Amino acid sequence: MSDKPAAIRGTNDFMGEEAARFDHVVDTFARVRRLYGFRSVHIPVFEHTGIFARTLGETTDVVSKEMYTFEDRSGDSLTLRPEFTAGIARAYISNGWQQHGRMKLAAHGPCFRYERPQKGRFRQFHQLDAEILAAPDPQADVELIAFGQHLIEELGVAGNVTLELNTLGDPASRAAWQAALLEHFQAHRDELGEDSLRRLDTNPLRILDSKNDGDRKIVATAPVIDDYLTAEAEDFFAEVTSGLTSAGVGFRRQARLVRGFDYYRHTAFEFVTDALGAQGTVLGGGRYDGLIEAMGGPHVPAVGWAAGIERLSMLLDAPPSESVDVAFIPLDDASRARGQMLVAALRRGGSVAVETFATGNMKKRMQRADSSGARLALILGADELAEDMLQVKDLASGEQVRIPQAETGFIGGYLSELRLMRLTGMDGDGPDFPAWRTRTLGGQAQ
RNA sequence: GCGACCGUAGCUCAGCUGGUUAGAGCGCUGGUUUGUGGUACCAGAGGUCGCGGGUUCAAACCCCGUCGGUCGCCCCA
């Protein structure tokens, strides 16, 4: 027990319901993303360290102490991606994607950050990511955010999540505002908490969302971005907000909202929840017009967001668990061998999910068949084998009938009719198999 | 990186102020007359009480360290 291998801290093994929730988030993302014309993109999980170090901002916690960085055998410094955007920007430049004009890209997969794990926060976590590249217009922001909103609605968690929106202005606005903030906070230096004093040097914008009560008082009187926006920045934000309104996306203006990474400009937004303890953000992003240029590429304005798969999973109701349609129960080896043909025919010919239960006594096999969620049990023993027959038991009603093996195809028909009934909203379990068979065969059942 | 709480069978937990062979439920395996589940009953397997050290006649229980978990700070998805 003590020498059991342990998972690396902050990593998770998901199974059963947890895995089903995770998959449901990814599946829903894949479905909704197509509705907005986002194309799938796959990029490496690691990059040269500089890709992340230079773009995210040297002073951010992610870069200064949370990256998984190592040297490979040739001595190059590599880093496991802490997020997607920088890697996608790099791929854009590496491959000359400007030839494609405007690009809408979606990706998902693991990211890594060396952090102290807690609820909704892990060292290996998984993100959904959406980016619109070569898109200078505010309509891109609107479409991107609408996609995020739609995803959250499709996942059925919209009731727990609200959209907070802000603008950080263009570089000129941001610089002016930041200078004013710095001056304001310097003036109240002795009233600030320890953490915020440190932020004064590293990232003064961060003081705005401090949770410290003393800081909040000073924040309340701090200058707001609105007073420093250039005319262009103000127009841009107005178009985003009015676009969201006409797209039917509700939001709350959050003037103190700032985003972690240095590359953000103009639009910044977060879908937040209070259901995840200290981790409020479930999906967040913004505009990063200067990023690709700063990495040595062409001037490519862009917007994007990332969402935490685990965080979304935790808000989800449990999706229905996967179950098989049919349980095959052979009573001996000869029956099992004969049954392979029937099982193969059901799977390949009828798209029927079949699981074989061939261990334990009959009672155990039935118990396992029952807990598998199968609707029908196919029972095959020496008696049936001798006459090319098959027992079919409806596990919902308990009714059982003996049919010729040649009629196995009916099972597929029966199951698809049940599925159809469920899809058209009919209640109940539907007819049991024996009754259905009698009806469809016009009473010539034996 | 900082703080608080926690760590007993595969899982969820009980174990009184330290005292003799550490328990339950679920799960697992087998059985309760011939090949039938979703309800019962019987039996069995499974734990060096996270790990290391200390206090004590005696420690799952007390102390220290360490690892891990949970929650918060920070930061962020």
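Residues numbered from 1 in each chain as written. Chains lettered and ligands numbered in written order. Predicted model: local features only at pLDDT ≥ 70, side-chain atom pairs only at ≥ 80, totals over all residues. Heavy atoms only, no water.

Draft legend 1. How the structure looks around the pairing of strand 16 (residues 400–404). Strand direction decides the pairing type here: strand 15 (residues 389–394) and strand 16, joined by 5 bridges, are antiparallel. Pairing of L390 across the sheet is with I403, part of strand 16. A loop of 5 residues connects strand 15 with strand 16, the two strands running antiparallel in sequence, and G398 in this loop sits at a positive phi of about 90°. (Pairing = 2+ DSSP bridges. Helix = DSSP H or I, 4+ residues; strand = E, 2+ residues; numbered from the N terminus.)

Draft legend 2. The sheet that holds strand 15, seen in detail. Spatially, the 5 strands line up as an open sheet ordered 13-12-14-15-16, and their pairing is mixed. Strands with a single pairing partner mark the edges of an open sheet, and in this sheet they are strand 13 (354–356) and strand 16. Sheet twist, expressed as the mean angle between neighbouring strand axes with direction ignored, is 25°. As judged from the 4 bridges shared by strand 14 (residues 376–380) and strand 15, these two strands associate in the antiparallel manner. (Axes fitted to C-alpha atoms, helices over the stretch in contact; angles between N-to-C directions.)

Draft legend 3. Region of interest: the packing of aromatic side chains. Under the defined criterion, the tally for this structure stands at 13 aromatic pairs. Aromatic rings pair up to connect F29, Y36, F38, F147 and W305 into one cluster. Cation over ring: R123 sits above Y114, and NZ or CZ is 3.8 Å from the ring centre. (Phe/Tyr/Trp six-rings, centres within 6.5 Å; stacked < 30°, edge-to-face > 60°. Lys NZ or Arg CZ within 6 Å of the ring centre and 35° of its normal.)

Draft legend 4. Just the sheet that holds strand 9 (residues 265–272), in detail. Across the sheet, which stays open at both edges, the 8 strands sit in the order 1-5-6-11-10-9-7-8 with mixed pairing between neighbours. Single-partner strands in this sheet number two, and they are strand 1 (39–40) and strand 8 (252–253). With 6 bridges connecting them, strand 7 (residues 162–167) and strand 9 associate as antiparallel partners. Looking across to strand 9, one finds that L163 is bridged to F271. This element, helix 9 (residues 231–246), spans strand 7, strand 8, strand 9 and strand 10 (281–287) of the sheet and lies at about 160° to strand 7. (Contact = heavy atoms within 4.5 Å.)

Draft legend 5. Up close: the domain arrangement of chain A. Once the domains are mapped, chain A shows domain 1 (16–170 + 230–315) and domain 2 (326–440). Each of domain 1 and domain 2 has a C-alpha centre, and the two are 48 Å apart. (Domains from an automatic or database assignment.)

Draft legend 6. Local environment of the pattern of salt bridges. In total, this model carries 15 salt bridges according to the counting rule given. Salt-bridge contacts for R419 lead to D325; the nearest nitrogen and oxygen are separated by 3.6 Å. You can see R419 sitting in helix 15 (residues 409–423) and its partner D325 sitting in the loop between helix 11 (309–315) and strand 12 (326–330), a full 94 residues away along the chain. A relative accessible area of 34% means that R419 is categorised as partly exposed. The buried category is assigned to D325, whose relative accessible area is 17%. Put simply, E387 and R402 hold a salt bridge, and the shortest N to O gap is 2.8 Å. Of the two residues, E387 sits in the loop between helix 14 (382–386) and strand 15 while R402 sits in strand 16, which places them 15 residues apart along the sequence. For R402, a relative accessible area of 27% gives the class partly exposed. Members of the salt-bridge network, linked through shared partners, are D141, R287 and D289. (Salt bridge = Lys/Arg side-chain N within 4 Å of Asp/Glu carboxyl O. Buried < 20%, exposed > 50% of the residue type's maximum accessible area, 1.4 Å probe, protein only.)

Draft legend 7. Highlighting the protein's contact with RNA strand B. As a structural note, the neighbourhood of RNA strand B is formed by 55 residues, with R113, R121, R199, R206 and D370 the closest of them. T281 has a polar backbone atom sitting 3.3 Å from a sugar or linking oxygen of RNA strand B. Of all the secondary-structure elements, those providing two or more residues to the surface near RNA strand B are strand 6 (124–133), helix 7 (194–202), strand 10, strand 11 (302–308), helix 13 (362–371), helix 14 and strand 15. Ranked by residues supplied to the surface near RNA strand B, first place goes to helix 13 with 7 residues. (Near = heavy atom within 4 Å. Polar contact = N/O pair within 3.5 Å; in protein donor to acceptor, adjacent residues only side chain to side chain.)

Draft legend 8. Broad picture of the environment of I93. Assignment of secondary structure puts I93 in helix 4 (residues 85–95). Note: C-alpha distance between I93 and M295 (202 residues apart in sequence) is 8.3 Å. The contacts of I93, once residues within four sequence positions are left out, are I292, M295, G296 and G297.

Draft legend 9. Just a negative patch on the surface, in detail. Side chains of E232, E234, D235 and E239 sit close together on the surface and give a patch of like negative charge. With respect to the helices and strands, E239 occurs in helix 9. (Patch = residues over 30% accessible without salt bridge, like charges linked within 9 Å, V, L, I, M, F, W, Y side chains within 5 Å. Areas by Shrake-Rupley, 256 points an atom, 1.4 Å probe, with all protein chains shown as cover. Lys, Arg positive; Asp, Glu negative; His and termini not counted. Charge placed at Lys NZ, Arg CZ, Asp CG, Glu CD.)

Draft legend 10. Quick peek at the environment of F29. With respect to the secondary-structure elements, F29 resides in helix 1 (residues 16–35). Take F29: its relative accessible area is 2%, and that puts it in the buried class. Sequence separation between F29 and L155 is 126 residues, and the spatial gap between their C-alpha atoms is 8.9 Å. Once residues lying within four places of it in the same chain are set aside, the contact partners of F29 are A106, A107, H108, L128, D129, F147, L151 and W305.

Draft legend 11. Main features of the packing of helix 5 (residues 138–154) against helix 9. Between helix 5 and helix 9, the least distance of the axes is 8 Å, while the angle of their chain directions is 40°. Helix 5 and helix 9 meet at a crossing whose hand is right-handed. Along its contact with helix 5, which presents P138, Q139, D141, V142 and I145, the element helix 9 presents F236, E239, V240, G243 and L244. Counted by class, the contact of helix 5 with helix 9 contains 6 nonpolar, 2 polar and 2 charged residues. (Left-handed = near helix turned anticlockwise from the far one by under 90°. Nonpolar A, V, L, I, M, F, W, Y, C, P; charged D, E, K, R; others polar.)

Draft legend 12. Summary view of the side chain of S173. Note on placement: S173 falls in helix 6 (residues 171–187). What makes S173 buried here is its relative accessible area of 0%. Looking at S173, its side chain comes within polar contact range of the side chain of D170, at 2.5 Å. Among residues more than four places away in sequence, those in contact with S173 are I225, Y228, L229, T230 and A233.

Draft legend 13. Fine view of the environment of F84. Turning to its location among the elements, F84 is positioned in the loop between strand 4 (77–80) and helix 4. For the pair F84 and P434, spaced 350 residues apart in sequence, the C-alpha to C-alpha distance is 55 Å. What F84 contacts, discounting residues up to four positions off in sequence, is I43, A107, H108, G109, C111, Q127 and D129.

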